[in-house]
Every structure is written in structure tokens, then in C-alpha cells.
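Below are the chains, spelled out letter by letter.
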Amino acid sequence: MQLIIFGAPGAGKGTLAQNIKKYKNHKHISTGDLFRKHIKNQTELGKIASSYIDAGELVPDEVTDDLIYSELKLIKKDFILDGYPRNIHQAQRLDEILEELEIPLTACVYLSIDKNVIVDRLLYRVVCQNCGFTYNLKIAPTKVEGICDNCGGELSHRKDDSSDVIIHRIETYEKETAPVINFYEEKNSLVSIDCSKYDLIDNFEDVWQTLLKKEVEG
Ligand SMILES: [Zn+2]
């Protein structure tokens, strides 16, 4: 399947993408990784991107578009596009790219979630300062409070995990992505998954079936 994936912070976008990659052999195309790869390998596009980043400027859409084009040209099928398109201009450009490369888009997956559920999840999330392991104290508390089961390290909340900050992050995300989500809704490509109801690990096969159904229906 050829998927685009969107999800508010905390909805589980990373988890879903990792599962699709692991169990369904799809390539995970993240714009962040792509930039890093091209910059490290000093490709032409990498050099152009560096020139903006080094100057503290935003990389123009056209550069990101070209990066995606070059990657999709190689991959062609069974991928999850993550972090692109970010705006309507990029969404329109992606349409052109897919058409040119004759790649059918299966679905744009939007992971929606109730704000209160995210706040709950993130507030209960602690990270080991030593090994980086993440725990959810509500679902699976550690054996000893404040101590990592894995390595005995000290656990702490992520610095930005206060409820005001979390809600602001979600609202900003919703506001920024709304036009792109509408774009795919109008094209009848959108599949919304309410992650307040689904656990993306336990219900992964259900989610996958929903996407397969979309692929058949078109
Ligand atoms: Zn640890």
C-alpha cells in the first residue's frame, strides 16, 4: 500500500509506522531521515538543503518536493510517507509526482485522538534518563517507583510534558494540518482512525484491515 500518515502528537503515529514497516514490509519515508541521509551523503539536494539549514533558514518547499520525488522514483510501492506533505502546495505537488510516477495512493491515514486522552497518556509517560526506555505508569508501572526496570536508572517526565504545553501542541498541529487533511478528504482518500478507541499495537491488524478495505474500494 502507498500511505501518507498524519497524527497529532501522542496519537501513536510512530508506533503505527513502525508496525507497518516491521510486519508489512513497507518502507518508512520520513522527511527528517531523508534530509539527514542526503546531507550526510553530500548529494546535490543535500548540499542545497544544507545551505538553507546552515544559514538558519527554512528549506523551501521545492527542495523538499525534489527530495520526495527522487525517493518515490526509487521506491514506487509499499511505503508510508511521514512528514510530507506539510501544506497544500506540497499536497498538490505530491499529486503531480504520484501521477507522473504512476503510483496510486492507497490512503491518507489520519490518527485522531481526544485531547484528554493524549494529556493522560503523556502525563503518565516517563523516560529512563540512563537507557531511554519509556514507561506508561498508568498502563504498566515500574516495579519500584521512579526506577527503571531495565537498568535501574532514574525515571523522569519529559520536560515539555505539562498539560498546557501538550494541549497547545495538539491544537497547533490540528490547525496546521487541517487544510491538508481537508484536501485528502475531498479526494475521498482519507481514512480517520480514532486512537482514543484503538490501541495501535494490540489492534494493529484491525487498523490494517481498515486500510486494505480502502485499497479495494479505491
Ligand atoms: Zn533504564
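Keep in mind it's a predicted model, so treat the numbers as computed, not measured.

Here's the deal with helix α5 (residues 88–100)
The first and last C-alpha atoms of α5 sit 18 Å apart over 13 residues, in line with the 18 Å expected at 1.5 Å per residue. Looking at α5, one finds that the buried residues are A91, R93 and L94. An end-on view of α5 places all buried positions within 165 degrees of arc, on one side of the element. For α5, the exposed residues set more than 90 degrees away from the buried face come down to I88, E96, E99 and E100. Looking at the buried residues of α5, the elements they touch are α4 (61–75) and α7 (163–186). Downstream of α5 by a residue or two, E102 has a phi angle that is positive, lying close to 55 degrees.

Considerations on the nonpolar core
Core analysis: the largest hydrophobic core is formed by 38 residues, its most contacted members being I5, I80, L81, V109 and L111. Element by element, the count of residues in this core is highest for strand β4 (residues 107–112), at five residues. When sequence neighbours within four positions are dropped, the list of residues in contact with L81 reads L3, I4, I5 and I29.

As for unusual backbone geometry
Omega for the bond connecting Y84 with P85 falls within 30 degrees of zero, at -5 degrees, which places this linkage in the cis form. Residue placement: P85 occurs in the loop between β3 (79–82) and α5. Positive phi outside glycine occurs at K76, with the angle close to 65 degrees. Turning to its location among the elements, K76 is positioned in the loop between α4 and β3.

Some words on the packing of helix α6 (residues 115–123) against α7
Between α6 and α7, the least distance of the axes is 10 Å, while the angle of their chain directions is 130 degrees. In terms of orientation, α6 lies oblique with respect to α7. Helix-helix and strand crossings are classified by hand; for α6 and α7 the assignment is right-handed. Only S163, I166, I167 and I170 of α7 make contact with α6, whose side of the interface consists of K115, I118, V119, L122 and L123. Residues of the contact of α6 with α7, tallied by class, amount to seven nonpolar, one polar and one charged.

What counts, and where the lines are drawn
Residues numbered from 1 in each chain as written. Predicted model: local features only at pLDDT ≥ 70, side-chain atom pairs only at ≥ 80, totals over all residues. Helix = DSSP H or I, 4+ residues; strand = E, 2+ residues; numbered from the N terminus. Expected span 1.5 Å × (residues − 1). Buried ≥ 20, exposed ≤ 12 C-beta atoms within 10 Å, placed from the backbone. Arc of directions from axis to C-beta. Contact = placed C-beta atoms within 7 Å. Core = buried A, V, L, I, M, F, W, Y, C linked by C-beta atoms within 7 Å. Axes fitted to C-alpha atoms, helices over the stretch in contact; angles between N-to-C directions. Parallel < 35°, antiparallel > 145°, perpendicular 65-115°, else oblique. Left-handed = near helix turned anticlockwise from the far one by under 90°. Nonpolar A, V, L, I, M, F, W, Y, C, P; charged D, E, K, R; others polar.

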